[in-house]
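# A closer look at the structure
Residue strings, one per chain:
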Amino acid sequence: MELNSKSPTGPIETRWERHRFNLKLVNPANKRKYTIIVVGSGLAGGSAAASLAELGYNVDCFCFQDSPRRAHSIAAQGGINAAKNYHNDGDSVYRLFYDTVKGGDFRARESNVYRLAGISLNIIDQCVAQGVPFAREYSGYLDNRSFGGAQVSRTFYARGQTGQQLLLGAYQALERQIGFARGIVTRDLISGKIESHFADAVVLGTGGYGNVYYLSTNAKGCNATAIWRAHKRGALFANPCFTQIHPTCIPVSGEYQSKLTLMSESLRNDGRVWVPEKKGDKRAPSQIPEAERDYFLERKYPSFGNLVPRDVASRNAKAACDEGRGVGESGLAVYLDFRDAIERLGASVIKERYGNLFDMYNRITGEDPYKDPMRIYPAIHYTMGGLWVDYNLMSNVPGLYVIGEANFSDHGANRLGASALMQGLADGYFVLPNTIGDYLASNKFEKVDASHAAAREAESDVQAVTRKLLDAKGKRSVDSYHRELGKIMWEHCGMARNTEGLKHALALIPPLREQYWSDVKVLGSGEELNQSLEKAGRVADFFELAELMCRDALERNESCGGHFREEYQTPEGEAARDDENFAYAAAWGFQGVGQPPVLHKEPLTFEYVHPSQRSYK
Amino acid sequence: MRIILHIWRQRNASDKGKMSRYEVPDVNHEMSFLQMLDVLNEDLIVRNEEPVAFDHDCREGICGMCGCMVNGMAHGPLPGTTLCQLHMRHFKDGDELYLEPWRAKAFPVVKDLVVDRGALDRIIAAGGYISVATGSAPDGNAVLVPKENAERSMDAAACIGCGACVAMCPNAAAALFTGAKIAHLGLLPQGQPEREQRAIAMVAQARQELFGSCTNIGECEAVCPKEIKLEVIARMNADFIRASLTGR
Amino acid sequence: MSAIAINPVHRVVRFYEAPIGKKAIMALTGVMLFGYVLAHLLGNLQIYGDPQQINKYAAFLHNPANAGLLWVARSALLLAVGMHIVASLQLWKLKNDARPVAYVKKEDAAATYASRTMMWSGPIVAAFVIFHVLHLTVGAVGPLPQEIGPNEPNVRANVIAGFSNPAISAFYILAIALLCTHLYHGLWSMFQSLGFSHPRYTPKLKMGAAIFAILIAIGNCSIPIAVMVGLVK
């Protein structure tokens, strides 16, 4: 299959503007004749649904939570990037573009990234106008802070709850519109009713698939079901192995652990990461003298120090623990220490900046980070991969658009801090509302209803899956299978991967999947709210997706960004990219469960930011 | 440690429901409250009993999905903490806990501890926003916001819409929730043009949803996981009264 | 739809339909009733003055020349009491409708005794007021009121006669205690109901409300006590 990215050419600064001009428009009076389904109500889905409804389209927005305000975008803490250069520190759209392409380890489309960087300016304006209470300076101007992977201060924030405030902005914009693919099939979570919904276009803004690993910083309900089912019906899945590990999470405390909690990366602005010099040093942190502490990020990366990108910070933390220098009971943690920052700035400044994060840490661990350093460890946090989309954010299935974390487009192999919120809102507020009209205006649509063969087939598929899960009446709970799958993935397709491990995982997953279908135990019925059944369907999809992730990781014989293959590293232990052979997006086509998928390659060219080995030294 | 739970079990909205007693014999101090419920549910599945339905999602205290009454206190005994952030180290061996869903006419029970909080969305839909079309905003720094106002606005905007305020209120009022949104937007210059209509429309919607009336008791403030202050209710009252007196 | 829509009903209807409107009415009528309680107490405290003072005061109030004013005041008070009671009953109904199923177990997180018992202290105080009027103004209960002359009640003698009965005095003291818990919550809460709250002043208001309520309680209770221990003869 020839993948047409529809990326514009010519000077990068004007690509989006020229492209937008060339898109067909839908007459304002005709917009109400079109129905668009938006699945997901996070930053991407919520902002898209609100903006599309505002334009006059009929919009149906779906979410699995009891309210659109609860989508997991809400948990983003640190901030949102925008190249405003309010601080006169040399920032520009071009620099944000440059940082993002480089931070993504040269595996993203330049056109997309430049557009994202440009739109970052409008997002801040839009959110301020909506009433997002961004942090202010005493003068009343917007405040900024710096974030991992950047040397300028371009991150706008609302305490440690930026995601919440941006999401509430989008949610309120969506609620303002109340009274508001050719279709999707849903199972009503409360009544169990299976229904088909029809539209002229479908937008998936359903987030990432980090929950494949069972333990991640995602919400418990986050799932890949919408994108995976779309993939099984023809949409290509790109770069599934590009997963991001977040360096600053609260370590696992026991087998009952149900999720991992992230502490915003902004903590690395003032916190210093260290482990003891000596292996197996079990002294309390306050007992370890300065000379016997190894501030390993500052030592190895003097220019970026504690602010190196996430993948670098995570791998170094893992390396320190692998050497036996990890701290805490499990030895799977490093310190993040605020002692010096508190001395320099005073506890009140630290409290103002990170108060809610410190409180959260204290609630979970029972320890006081104002006195003792935090213990942190990397955890699965974000997935750069997702459904393949062109420059218009449309997948290879006509009329199916994919936005936000659910697509693969802008972050390459690694996402920079405070860029997820930026991408979600850029897609939803500014890109999709412009591009979707082109599709609607260029096509004629026949009326489709529930009697359509495709709809009936999809409905009966959903019914069959539900029946099969309820009828298995096996011995083990859904969670026990999910936990087992997660362990395989974390072990073999996690922070560092190798051929042997990936092959091992590929040998373990299919039999476990088979066992799952025959041995899972789902109680209750399909005709009412059944949380076990919800989980069961999602885990079934995770099994198939996990296999694809391992295949993709095995195929990509290089290290780049979040994908670190142990065989491919520089002598200093940094990721060794292979631009000659792997400068492409890997878009996989589904061939059937258990069948090897087919690989389509979208070559990536870099006209502006020339691939170099990332150096944060 | 061993924890005894009395949990409200109700199959669906039309079922009568009753309290059932369970025991979780092996609770670890480091577990969160919801992880303790996970353990109970895994155990129920083994015993072929349907697991307890409870709402939860982010499990980091921000989505507002979780929450139930624990011994008559919304989100349990720890102030400023959602149920998912409450850890078992705050309980002791042999403790007997009563878990009940949020009770209010406006929050019908869906199943067990799960309630429908759509009424809160409808209050926001009535006026909890600023009517700005995408793309029409001026530069972010064109509107200056005094730092103190931004901070106070953020204090109110921190509301996670969990419904604990309603659940705890002896009148089942949604005053803290409604007031928080009115205060959040009303403290910012961007929120001024619609301030009066907002107060009138949101207050009217809360009434229509059959929430009760605030009698200034302060139970909501005491259990709010984001520690939103009663002051926001006074702001709502002031905005509503002013709008009613001066509106044309 | 893209802007905030408002239901087009008359603004008075809209105001009173909202619980906030009813609470505002309760606050405003509450202020009037509080003013009356205060004035009534100041009048009563004259019992500690010259033995003739309180009777002169009563004669002044009952002077036919002032009858018009007296009835205006009485009507205003009756209206305030009526509105206070009607609004509170409507809110009481709203409260019951808003939570049809009670909790099996419910604790109080912050509620004061006063705030939780407004709906008990209120009716008891109302019943007390009726008794009080029957007792000392109309004389339907207890000894018949004495008069010095037409429109000149012998208040002093009536009070002494009335409070010589320990059961009646005890009931007065109990009712006053309830009145004052009612006043304590009502006094600071009316500021909140009318939209005033400030982190610096609200705690002071609560403190002030408590002091006021206690002073009023002391002032009112002192009279039956003084009669019983023989300070006022």
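The notes below deal with the structure included here.

Quick notes on the rules
- Residue positions are given per chain, counted from 1 along the sequence in the order it is written.
- Chains and ligands are labelled sequentially in the order written, the chains with letters from A and the ligands with numbers from 1.
- The model is predicted, so local features are restricted to residues of pLDDT at least 70 and side-chain atom pairs to those at 80 or more, both for listing and for counting; the totals for chains, interfaces and linings are taken over all residues.
- To obtain the side-chain values, all non-hydrogen atoms of the structure were included, while hydrogens and water were left out.
- Comment: elements are numbered from the N terminus, with helices defined as DSSP H or I runs of at least four residues and strands as E runs of at least two.
- Residue exposure (1.4 Å probe, protein chains only): buried if accessible area is under 20% of the type maximum, exposed if over 50%, otherwise partly exposed.
- In this analysis, two residues are considered to be in contact whenever any of their non-hydrogen atoms come within 4.5 Å of each other.
- Surface accessibility follows the Shrake-Rupley procedure with a 1.4 Å probe radius. Residue values consider only the protein chains on display as shielding.
- Both cavities and pockets are sets of points on a 1 Å grid over the protein atoms alone; in a cavity a 1.4 Å probe fits but cannot get out, in a pocket the set is open with protein on both sides within 12 Å along at least five of seven lines, and lining residues sit with an atom within 4 Å of a point.
- Grid points are joined across faces, edges and corners, and a volume is the space filled by probe spheres set on the points.
- By the convention adopted, Pro, Cys, Tyr, Trp, Phe, Met, Ile, Leu, Val and Ala count as nonpolar, Lys, Arg, Asp and Glu as charged, and the other residues, Gly among them, as polar.
- What counts as a ring pair is set by centres within 6.5 Å for rings of Phe, Tyr and Trp (its six-membered ring), and what kind of pair is set by the plane angle: stacked under 30 degrees, edge-to-face over 60, tilted for all other angles.
- Definition used for salt bridges: Asp or Glu carboxyl oxygen within 4 Å of a side-chain nitrogen of Lys or Arg.
- We call a set of buried Ala, Val, Leu, Ile, Met, Phe, Trp, Tyr and Cys residues a nonpolar core when their side-chain atoms join them within 4.5 Å.
- As used in this structure description, the phrase polar contact means that two N or O atoms lie within 3.5 Å; if the pair is within protein, one of them must be able to donate a hydrogen and the other to accept it, and residues adjacent in sequence are counted only when both atoms belong to side chains.
- Here a strand pair is declared whenever DSSP counts at least two bridges between the two strands.
- What counts as buried area is the accessible surface, traced by a 1.4 Å probe, that two parts surrender upon association, with contributions from both included.

### What about the overall build of chain B?
When helices and strands are tallied, chain B shows eight helices and seven strands. Seen through its principal axes, chain B has C-alpha atoms that stretch 65 × 35 × 35 Å. Within chain B, the fraction of its 248 residues that count as buried is 69%. For chain B, the share of sequence-separated contacts (at least 6 apart) that also reach a separation of at least 24 residues comes to 69%. With the model as given, the accessible surface of chain B reaches about 7800 Å², and the carbon-plus-sulfur share is 51%.

### Side note on empty space enclosed by the protein
Roughly 180 Å³ of internal volume is contained in the largest cavity. B:Ala175, B:Cys214, B:Met236, C:Pro19 and C:Ile20 are, among the 18 residues lining the largest cavity, the residues nearest its centre. If you list the elements that add at least two residues to the lining of the largest cavity, you get α5 (175-186), α6 (195-208) and α8 (231-246) of chain B together with α2 (19-44) of chain C. Grouping the constituent residues of the lining of the largest cavity by class yields ten nonpolar, six polar and two charged. A volume near 140 Å³ is recorded for the second largest cavity. Broken down by secondary-structure element, the contributors of at least two residues to the lining of the second largest cavity are α7 (225-232) and α16 (531-555) of chain A. Looking at which element gives the most residues to the lining of the second largest cavity, the answer is α16(A), with four residues. Considering only residue class, the lining of the second largest cavity consists of six nonpolar, six polar and four charged.

### Observations concerning the packing of aromatic side chains
Residues and elements named next belong to chain A. The final tally for this structure, using the stated rule, is 35 aromatic pairs over all chains. Pairing Tyr-516 with Phe-543 gives two aromatic rings, centres 5.1 Å apart and planes at 45 degrees, and the pair type is tilted. Here the residue Tyr-516 occupies a position in helix α15 (residues 499-519), and Phe-543 occupies one in helix α16, the gap between them amounting to 27 residues. Judged by relative accessible area, Tyr-516 falls into the buried class, the value being 0%.

### Structural notes on the pattern of salt bridges
Under the definition given, this model contains 76 salt bridges over all chains. A salt bridge links A:Arg339 to A:Glu290; the shortest N-O distance between them is 2.6 Å. With A:Arg339 in helix α10 (residues 339-345) and A:Glu290 in the loop between β10 (272-276) and β11 (293-294), this pair connects stretches of sequence that are 49 residues apart. Across the pair B:Arg89 and B:Glu30 runs a salt bridge, and its minimum N-O distance is 3.3 Å. Placement of B:Arg89 in the loop between β4 (73-74) and β5 (96-100) and of B:Glu30 in the loop between β2 (18-24) and α1 (33-46) is noted, with a sequence separation of 59 residues between them. Among the charged side chains, a salt-bridge network with shared partners connects A:Asp105, A:Arg107, A:Arg556, A:Glu558, A:Arg577 and A:Asp579.

### What to know about the nonpolar core
Judged by nonpolar contacts, the single largest core of 264 residues is most densely connected at A:Ile80, A:Phe134, A:Met489, A:Tyr516 and B:Phe211. Considering each element in turn, this core owes the most residues, 13 residues, to α16(A). Beyond its immediate stretch of four places on either side in the chain, B:Phe211 contacts B:Ala106, B:Phe107, B:Ala119, B:Leu120, B:Ile123, B:Val166, B:Ala172, B:Ala173, B:Ala174, B:Ala206, C:Leu94 and C:Ala98. A:Tyr256, B:Ile3, B:Phe54 and B:Phe91 belong to the second largest nonpolar core, which has 29 residues in total.

### So, the interface of chain B and chain A
Contacts between the two partners involve 78 residues from chain B and, on the opposite side, 73 residues from chain A. Connecting chain B to chain A are eight salt bridges. Put simply, B:Glu60 and A:Lys259 hold a salt bridge, and the shortest N to O gap is 2.5 Å. Where chain B packs against chain A, one counts 49 residue pairs in polar contact (both at pLDDT 80 or more). Broken down by secondary-structure element, the contributors of at least two residues to the side of chain B that touches chain A are α1, β6 (109-111), β7 (114-115), α2 (118-127), α3 (147-157) and α5 of chain B. Classifying every residue of the side of chain B that touches chain A by side-chain character gives 39 nonpolar, 20 polar and 19 charged.

### Some words on the pairing of β10(A)
Residues and elements named next belong to chain A. Of all five residues in β10, four are buried; the element is thus mostly enclosed. In terms of strand pairing, β10 meets strand β12 (residues 334-337) through three bridges, oriented antiparallel. Within β12, the residue paired with Arg-272 across the bridge is Asp-337. Bridge count between β10 and β11: two bridges; the pairing is antiparallel.

### Here we look at the interface of chain B and chain C
Tallying the contact residues gives 56 residues for chain B and 44 residues for chain C. Looking at the side of chain B facing chain C, the largest losses of area belong to B:Arg103, B:Arg207 and B:Asn216, adding up to 14% of the total buried there. The tally of links from chain B across to chain C stands at one salt bridge. Salt-bridge contacts for C:Lys106 lead to B:Glu219; the nearest nitrogen and oxygen are separated by 3.6 Å. Linking chain B to chain C there are 22 residue pairs in polar contact (both at pLDDT 80 or more). Only β5, α2, α4 (164-168), α6, α7 (219-223) and α8 of chain B provide two or more residues apiece to the side of chain B that touches chain C. With eleven residues, the single largest contributor to the side of chain B that touches chain C is α8(B).

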